[in-house]
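Single-letter residue listing:
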Amino acid sequence: MTNNEIELEVLKILDKYVQRGGSHKQLLKIMQAEGIKFKEVSVSNDNFLGALTFGKNNNPYIMVNQSINNTGRRNFTIAHELGHYFLNHRLLSPVFLCQDSQINEDRVSEILLEREANYFATCLLMPEQKIKSAFLAMLRYSKIIKTKTFLIVNNKTYGSWCKIKNDLMKRYGVSEAALRYRLINLRLAEFEF
Ligand SMILES: [Zn+2]
């Protein structure tokens, strides 16, 4: 699937399940409404982050490793598994056991279905319209940042960036890495470090 096709799928889901606020607050609701059973599991393998499987009656299950101690990473993992679910990846594979190295918040995965699930998660948690307008509003109101359509994060703007980042990470339930990657891809920011 192309990125545009994935974005269209996400828009349908947002329309149905996320009327307002951050999508991360609706992840449980989305799973419930879709009849997906959610479990946090304790596994000894730290590389295992999340899974989408189907039970005997074809019931979908999403599992995440309960030892993920970063909220952003946890939300991204659930959103990633929802990606495998909503993008109908089961037609290509019956089960997804996703490793730490496959759930990439800030780079393109080499494995096609993982790449698609990651892009789905990025768009679900940080929809373009929402993150763009929130970010640009912050630039507009900043007294320190002079450019109002694009931010170059360097020594001068680092303090302002920290405020913006803390607000957006909280609002969208994402990690800094995921946020940076999204802003770079939407051509809203550039990072000198
Ligand atoms: Zn995966």
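Residues numbered from 1 in each chain as written. Predicted model: local features only at pLDDT ≥ 70, side-chain atom pairs only at ≥ 80, totals over all residues.

Visitor: Honestly, the sheet that holds strand E2 (residues 48-54) in this entry has me stumped. Any pointers?
Guide: Within a beta sheet, neighbouring strands are joined by backbone hydrogen bonds and run either parallel or antiparallel to one another. Pairing in this open sheet of four strands is mixed, and the strands run E1-E3-E2-E4 from one edge to the other. With partners counted over all chains shown, the strands left at the sheet margins are strand E1 (37-41) and strand E4 (96-99), one partner each. Shown here is a sheet whose adjacent strand axes are inclined to one another by a mean of 15°, direction ignored. Relative to E4, E2 is paired through four bridges, and the arrangement is antiparallel. (Pairing = 2+ DSSP bridges. Helix = DSSP H or I, 4+ residues; strand = E, 2+ residues; numbered from the N terminus. Axes fitted to C-alpha atoms, helices over the stretch in contact; angles between N-to-C directions.)

Visitor: Help me understand the nonpolar core, please; the structure alone is not making it clear to me.
Guide: Proteins that are soluble and globular tend to have nonpolar side chains buried together. Within the largest apolar cluster, 42 residues are counted, with the highest numbers of intra-cluster contacts made by Phe76, Ala79, Phe120, Ala121, Leu124, Leu125 and Val174. Ranked by residues supplied to this core, first place goes to helix H4 (residues 112-125) with seven residues. For this core, the domains that each give at least three residues are domain 1 (3-125) and domain 2 (128-191). With near-sequence residues (within four places) excluded, Leu125 lies in contact with Ser23, His24, Asn75, Phe76, Ala79, Tyr172, Gly173 and Val174. (Core = buried A, V, L, I, M, F, W, Y, C linked by C-beta atoms within 7 Å. Buried ≥ 20, exposed ≤ 12 C-beta atoms within 10 Å, placed from the backbone. Domains from an automatic or database assignment. Contact = placed C-beta atoms within 7 Å.)

Visitor: I'm lost on helix H6 (residues 158-172) in this one. Help?
Guide: Since there are 3.6 residues in each turn of an α-helix, residues three or four apart along the chain are aligned in direction. Taking 1.5 Å per residue as the helical rise, H6 with its 15 residues ought to reach 21 Å, and the 20 Å between its terminal C-alpha atoms agrees with that figure. Those residues of H6 not exposed but buried are Trp161, Ile164, Leu168 and Tyr172. For H6, the buried positions fall inside an angular range of 70° around the axis, keeping them on one side. In H6, those exposed residues whose orientation departs by more than 90 degrees from the buried face are Gly159, Cys162, Lys163 and Asn166. Tucked inside the fold, the buried residues of H6 contact H4, helix H5 (128-141), strand E5 (151-153) and helix H7 (176-185). Following H6 by one or two positions, Gly173 has its phi on the positive side, about 60°. (Expected span 1.5 Å × (residues − 1). Arc of directions from axis to C-beta.)

Visitor: I keep staring at the environment of Ser42 and nothing clicks. Help me out?
Guide: Inspection of the secondary structure puts Ser42 in the loop between E1 and E2. C-alpha separation for the pair Ser42 and Asn3, spaced 39 residues apart in sequence, amounts to 33 Å.

Visitor: Where do I start with the packing of helix H3 (residues 71-86) against H4 in this structure?
Guide: The description of two helices packed together rests on the angle between their axes and the distance between the axes. In the contact formed by H3 and H4, the axes pass within 7 Å of each other and the chain directions differ by 120°. Overall, the two elements H3 and H4 adopt an arrangement that is oblique. Here H3 runs over H4; the crossing is right-handed. Seen from H3, the contacting residues are Asn75, Phe76, Ala79, His80, Leu82, Gly83, His84 and Phe86; seen from H4, they are Leu113, Glu116, Ala117, Asn118, Phe120, Ala121, Leu124 and Leu125. Looking at the contact of H3 with H4 residue by residue, the class counts come to ten nonpolar, five polar and one charged. (Parallel < 35°, antiparallel > 145°, perpendicular 65-115°, else oblique. Left-handed = near helix turned anticlockwise from the far one by under 90°. Nonpolar A, V, L, I, M, F, W, Y, C, P; charged D, E, K, R; others polar.)

Visitor: I tried to follow the domain arrangement of the chain on my own but got confused; where do I start?
Guide: Interface size is commonly expressed as the accessible surface area that is lost when the partners come together. By the assigned domains, the chain splits into domain 1 (3-125) and domain 2 (128-191). Facing the twelve residues of domain 1 at the interface are eleven residues of domain 2. Put simply, the parts of the chain that give the side of domain 1 that touches domain 2 at least two residues each are H3 and H4. A per-element tally of the side of domain 1 that touches domain 2 places H3 first, with five residues. Each residue belonging to the side of domain 1 that touches domain 2 can be placed in one class, and the counts come to two nonpolar, seven polar and three charged.

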